[in-house]
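# Close look at the chain arrangement
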Protein chains: 2
Amino acid sequence: MRALVTGGAGFIGSHLCDRLIARGYEVWCIDNLHLGQIRNIAHLERRPGFIFRKCDVAEAGALDALCGEAQFDSIFHMAANSDTRAGSADLDLDLRLNFTTTLEALRAMRKHDIKRLFFASTSAVFGEPAFKLTELSGPLQPVSTYGASKLAAEAYLSVASHTFGKQVVVLRFPNVVRERATHGVVEVDPGRLEVLGDGRQTKPYLYVGDLIDAILLTWDRSSEPLAVYHCAGIGETTVREIAELIVAAVGRPTTRIEYTGGDRGWPGDVPKFSYDSSKLRALGWTPHYSSTEAVREAIRRIRANGF
Amino acid sequence: MRALVTGGAGFIGSHLCDRLIARGYEVWCIDNLHLGQIRNIAHLERRPGFIFRKCDVAEAGALDALCGEAQFDSIFHMAANSDTRAGSADLDLDLRLNFTTTLEALRAMRKHDIKRLFFASTSAVFGEPAFKLTELSGPLQPVSTYGASKLAAEAYLSVASHTFGKQVVVLRFPNVVRERATHGVVEVDPGRLEVLGDGRQTKPYLYVGDLIDAILLTWDRSSEPLAVYHCAGIGETTVREIAELIVAAVGRPTTRIEYTGGDRGWPGDVPKFSYDSSKLRALGWTPHYSSTEAVREAIRRIRANGF
């Protein structure tokens, strides 16, 4: 099995590469190193079956050239601008990194006869719904360019599956935590921890290992043209709780938590959402960490690793 | 009131220009003349308050330059590749004409402080749903690049409304008929009428005058950031009925109807869908023509006008 992992040096992509290599896949990991970092995959670089290439998937023809080098069975399309805060300031950032990359993956699939694609999607495709979201829920009214660009990508992948004969697995992630993360809702300096928003934003956090389990399970078990799953952990955590866990772990006794105020961290942040992930659960998926345990474990590992 | 109508020389856009001029608006009609035709607006060219410019909205900066000439109150974004059959063969056609044009409109709105936008959307954002569609329905899984490009555009307009402070009205059209149309499910030569598909595709058709009523009503009555409406007429018509009405009107006694076969006209055609338009009805909208009457009236007018 020869898989192409876009964004493979990123936070989640690198953990996926670990697990695909452990399964015996040949893994071609590509990354433009915009958010991805070589340190995330340094431990893989001498493993047999692991190939890294610096490659910007959004660049027209880049993926086409790569697919000329080897026949891939599948693409795990993890490349994205996951920093939704940066995307809210710049209309083109998410468009290029989330949507254009997906179109380029789709073009490469059609030209090089690649049959299957996994897509890393997001709860942000929904905007700010007031109810528990299933895979069949509507409406989809994103409030961030991040969510809009992912929804636009999903729309084209739907066509790829229903009309162009490809098989696509879409997993809509919740907020995911662990080491190798690139950004978040808190910023620390020695005496002071700044929290974006009023700290009452409440979300289900998931430990990255549990997410990779969900990726592989949905990948192994889906054969319908378009398989969509929601992935959420157990319970929810407020941003205030996260801040307090961080201060307890790394702060000094005098560290102050300062809230920037407002009901959201940045324009386009969604302060609260709730997933129904019973479809994924029915496949046998059970997360090992609850939302707050996931946050605690991430803090512990970041302290141990230094990143 | 100074309105910019993109795609204003098109089938529906030109009818909208007629009505906006009749209301006393100053109308700047722009069109790249890809599907739009000068003959559709020839009767308006000497009317006071009507300005036509040939302009390709998808071209970066074109709309920006135009918006430097006059301060628009609103944009009616009608420009699109409405030929879903052509779009199914070419990934970029709908992308450019439906999605990129919308992004360019959004950029111009942000830069030039244009407050409101009307968007001509489509039932095709849904794909092939098995149930009656409300504005809150999900999932949205388009099967054509036409539907995908319109859903991608809706996604960005959702952000424009919820996060960038714009007011957006989205009306999702059914199939619309009348003179000035550019393409469709039947092709005629003197002795033979070719029907794409098996003729059993069943859709609600709407007469264009009834659609323009819906556009203006939703435009006048909506003040929420993002107002979405479904527009469908009364009843449905099969493609077979349309073919028989055409042959009865213009055929010779010996004209044969030939079906290309298959359950749809082309890849990405949706053979059947059903709209719940009670939200639009609640505003007081009532179509004057039923689906089959709309088809009959369109045939009558095309015969009378020659196009």
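Residues numbered from 1 in each chain as written. Chains lettered and ligands numbered in written order. Predicted model: local features only at pLDDT ≥ 70, side-chain atom pairs only at ≥ 80, totals over all residues.

## Notes on the overall build of chain A
A count of helical and extended segments in chain A gives 9 helices and 14 strands. For 307 residues, the compact-globule estimate of 2.2 N^0.38 gives 19 Å, and chain A sits close to it at 19 Å. Counting every position in chain A, which comprises 307 residues, the buried fraction comes to 51%. Counted over contacts in chain A with a minimum sequence separation of 6, partners at least 24 positions apart contribute 80%. (Helix = DSSP H or I, 4+ residues; strand = E, 2+ residues; numbered from the N terminus. Rg over C-alpha atoms; globule rule 2.2 N^0.38 Å. Buried ≥ 20, exposed ≤ 12 C-beta atoms within 10 Å, placed from the backbone. Contact = placed C-beta atoms within 7 Å.)

## A short note on the sheet that holds strand E12 (residues 226–230) of chain A
Residues and elements named next belong to chain A. Strands sit in the order E3-E2-E1-E4-E5-E6-E12 across an open sheet of 7 strands; the sheet is parallel. This sheet does not close on itself; its edge strands, each paired only once, are strand E3 (50–54) and E12. This sheet shows a mean twist of 15° between the axes of neighbouring strands, independent of strand direction. Taken together, the 4 bridges between strand E1 (residues 2–6) and strand E4 (residues 74–77) define a ladder with parallel strand orientation. If you follow Val5 over to E4, its bridge partner there is Phe76. Along the sheet, helix H1 (residues 11–22) contacts E1, strand E2 (26–31), E3, E4 and strand E5 (116–122); its crossing angle with E1, the most-contacted strand, is approximately 165°. (Pairing = 2+ DSSP bridges. Axes fitted to C-alpha atoms, helices over the stretch in contact; angles between N-to-C directions.)

## Examining the pairing of strand E2 (residues 26–31) of chain B
Residues and elements named next belong to chain B. Across the 6 residues of E2, 5 count as buried, placing the element largely inside the fold. Each parallel crossover has a hand, and for strand E1 (residues 2–6) linked through helix H1 (residues 11–22) to E2 it is right-handed. Of the pairings in the sheet, the one linking E2 to strand E3 (residues 50–54) comprises 5 bridges and is parallel in character. Following the sheet pairing, Ile30 is matched in E3 by Arg53. (Right-handed = clockwise from strand over helix to strand, strands pointing away.)

## Brief notes about the packing of helix H2 (residues 62–69) of chain A against helix H4 (residues 91–112) of chain A
Residue and element names in this part refer to chain A. Two elements in contact, H2 and H4, have axes separated by 9 Å at closest approach and are oriented at 35°. As H2 packs across H4, the resulting crossing turns out to be right-handed. Of the residues in H4, those touching H2 at Leu63, Asp64 and Cys67 are Glu104, Ala105, Ala108, Lys111 and His112. Tallied by class, residues from the contact of H2 with H4 come to 4 nonpolar, 1 polar and 3 charged. (Left-handed = near helix turned anticlockwise from the far one by under 90°. Nonpolar A, V, L, I, M, F, W, Y, C, P; charged D, E, K, R; others polar.)

## Re the sheet that holds strand E5 (residues 116–122) of chain B
All names here are of chain B. Pairing within the open sheet is parallel, and its 7 strands lie in the order E3-E2-E1-E4-E5-E6-E12. Among the strands making up the open sheet, the edge pair consists of E3 and strand E12 (226–230). The sheet shows a mean angle of 15° between the axes of neighbouring strands, direction not considered. With respect to the sheet, helix H4 (residues 91–112) is in contact with E1, strand E4 (74–77) and E5, its orientation differing from that of E4 by roughly 180°.

## Some thoughts on the relation of the copies chain B and chain A
Once turned by 180° and shifted 0.0 Å along the axis, chain B lies on chain A with an RMSD of 0.0 Å. Within this description, the copies of the chain are treated as partners about a two-fold rotation axis. The overlap is high: 100% of the interface residues of chain B also sit at the interface in chain A, so the same surface is used on both sides. (Least-squares fit on C-alpha atoms with pLDDT ≥ 70 in both.)

## Quick look at unusual backbone geometry
The omega torsion of the bond from A:Gly138 to A:Pro139 falls at -10°, within 30 degrees of zero and hence cis. Mapping A:Pro139 onto the fold places it in the loop between E5 and helix H5 (145–162). Backbone geometry at B:Leu33 places phi at a positive 60°, although glycine is not the residue there. Within the element layout of this structure, B:Leu33 appears in the loop between E2 and E3. Positive phi, normally seen in glycine, also occurs at B:Asp113, with a value near 55°. Relative to the helices and strands, B:Asp113 is located in the loop between H4 and E5.

## Notes on the environment of A:Ala22
Residue and element names in this part refer to chain A. The topology assignment puts Ala22 in helix H1. With 9 C-beta atoms counted inside 10 Å, the residue Ala22 sits in the exposed group. Between the alpha carbons of Ala22 and Asp213 there is a distance of 13 Å; along the sequence they are 191 residues apart.

## Focus on the confidence of the model for chain A
Chain-level statistics for chain A give a pLDDT mean of 91 and a share of 96% at 70 or above. As scored by the predictor, the complex reaches a pTM of 0.93 and an ipTM of 0.92. (pLDDT = per-residue confidence, 0-100.)

## Details of the interface of chain B and chain A
Contacts between the two partners involve 26 residues from chain B, matched on the other side by 26 residues from chain A. When contributions to the side of chain B that touches chain A are tallied by element, the ones reaching two or more residues are H4 and helix H5 (145–162) of chain B. Here the side of chain B that touches chain A gets 9 residues from one element, more than from any other, and that element is H5(B). Grouping the constituent residues of the side of chain B that touches chain A by class yields 14 nonpolar, 10 polar and 2 charged.

## Considerations on the nonpolar core
A:Val5 and B:Val5 are the most contacted members of the largest nonpolar core, which has 182 residues in total. In contact with B:Val5, not counting residues within four places along its chain, are B:Gly13, B:Leu16, B:Cys17, B:Leu20, B:Val27, B:Cys29, B:Phe76 and B:Met78. (Core = buried A, V, L, I, M, F, W, Y, C linked by C-beta atoms within 7 Å.)

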